[in-house]
Amino acid sequence: MRCPYCSTPDCRVIDSRAVDGGRTIKRRRGCSSCGNRFTTFETVEQMPLMVLKHDGSRQIFDINKLLNGLIRSCDKRDKSLDSLMALAHNIEQNLRQRYEQEVPSKAIGEEALAQLKDFDQVAYIRFASVYRRFTDIQSFKKELDVLAGHE
Ligand SMILES: [Zn+2]
């Protein structure tokens, strides 16, 4: 595997383990040239997951888009990129299990929220505020009450 930092072609594997109940192999790799470490995920090649949008159009599921949303929500929350990547993969795997080939765009946000709830509550609220487009303080407060277990 080529190093993403310096493009050295041969990076050694430091650690391998199965995640997602054995469907994915996660590998830590280290570059012998620049010393940087990075993570790769190995999965059986799957059919592209299609996203059905509100307007009826379809596009291919883009995990980077999801990862971006998670990174933004976890800004300054001291979460490693690794853990966010694992979270994004987990969300995708759950969606694939539930919907197989075509997932409504709404379900992606809901699945992300469901997993963020246990991952980081501040990130959850941030993600929810963007995703649900809280329009007033009342809906925001309602979400906080749900989190606090008042509902
Ligand atoms: Zn390197």
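Residues numbered from 1 in each chain as written. Predicted model: local features only at pLDDT ≥ 70, side-chain atom pairs only at ≥ 80, totals over all residues. Heavy atoms only, no water.

A tally of helices and strands in the chain yields five helices and six strands. Walking the chain from its N terminus toward its C terminus, one meets helices and strands in the order β-β-β-β-β-α-α-β-α-α-α. Projected onto the principal axes, the alpha-carbon positions of the chain cover approximately 55 × 35 × 25 Å. Burial analysis of the chain (151 residues in total) assigns 35% to the buried set. Surface exposure of the chain reaches about 9,500 Å², of which carbon and sulfur atoms provide 49%. (Helix = DSSP H or I, 4+ residues; strand = E, 2+ residues; numbered from the N terminus. Buried < 20%, exposed > 50% of the residue type's maximum accessible area, 1.4 Å probe, protein only. Areas by Shrake-Rupley, 256 points an atom, 1.4 Å probe, with all protein chains shown as cover.)

Within this structure, the stated rule accounts for zero aromatic pairs. Positioned above the aromatic ring of Phe 119 is the side chain of Lys 79, whose terminal nitrogen or guanidinium carbon lies 4.7 Å from the ring centre. (Phe/Tyr/Trp six-rings, centres within 6.5 Å; stacked < 30°, edge-to-face > 60°. Lys NZ or Arg CZ within 6 Å of the ring centre and 35° of its normal.)

Right, let's talk about the pattern of salt bridges for a bit. With the rule as written, the count across this model stands at nine salt bridges. The partner of Asp 75 in a salt bridge is Lys 76, and the shortest N-O contact between them spans 3.6 Å. Notably, a salt bridge pairs Arg 98 with Glu 111, separated by 2.7 Å at the nearest N-O pair. Taken together, the residues span a long stretch of sequence, with Arg 98 in helix 2 (residues 81-99) and Glu 111 in helix 3 (residues 105-119) at a distance of 13 residues. The exposed category is assigned to Arg 98, whose relative accessible area is 52%. We classify Glu 111 as buried; its relative accessible area is 5%. (Salt bridge = Lys/Arg side-chain N within 4 Å of Asp/Glu carboxyl O.)

As for its placement among the helices and strands, Leu 84 is situated in helix 2. Residue classification places Leu 84 among the buried residues on the basis of a relative accessible area of 4%. On a C-alpha basis, the gap between Leu 84 and Leu 67 in space is 7.0 Å, while along the polypeptide they are 17 residues apart. In contact with Leu 84, other than residues within four places in its own chain, are Leu 67, Leu 70, Ile 71, Cys 74, Lys 79 and Phe 119. (Contact = heavy atoms within 4.5 Å.)

Once that is clear, we can look at unusual backbone geometry. One non-glycine residue with positive phi stands out, namely Lys 76, at about 60 degrees. In this fold, Lys 76 is placed in the loop between helix 1 (63-73) and helix 2. Phi at Glu 100 is positive, roughly 60 degrees, even though this residue is not glycine. Checked against the element boundaries, Glu 100 lands in the loop between helix 2 and strand 6 (102-104).

Take helix 1 next. Inspection of helix 1 places Leu 66, Leu 67, Gly 69, Leu 70 and Ser 73 among the buried residues, and these make up the whole buried set. Looking down the long axis of helix 1, one finds its buried residues gathered within 160 degrees of arc, a one-sided arrangement. Of the residues in helix 1, the exposed ones pointing more than 90 degrees away from the buried face are Lys 65 and Arg 72. Buried positions along helix 1 lie against helix 2, helix 3 and helix 4 (121-131). With a side-chain oxygen positioned 2.9 Å from the backbone nitrogen of Asn 64, the residue opening helix 1 is Asp 62. (Arc of directions from axis to C-beta. Polar contact = N/O pair within 3.5 Å; in protein donor to acceptor, adjacent residues only side chain to side chain.)

Counting residues in hydrophobic clusters, the biggest one holds 24 residues, and the most contacted among them are Leu 66, Leu 70, Ile 91, Leu 95, Val 103, Ile 108 and Leu 116. The set of elements that each furnish at least two residues to this core consists of helix 1, helix 2, helix 3 and helix 4. For Leu 95, the residues in contact, after removing those within four places along its chain, are Leu 49, Glu 100, Val 103, Ala 107, Ile 108 and Glu 111. (Core = buried A, V, L, I, M, F, W, Y, C linked by side-chain atoms within 4.5 Å.)

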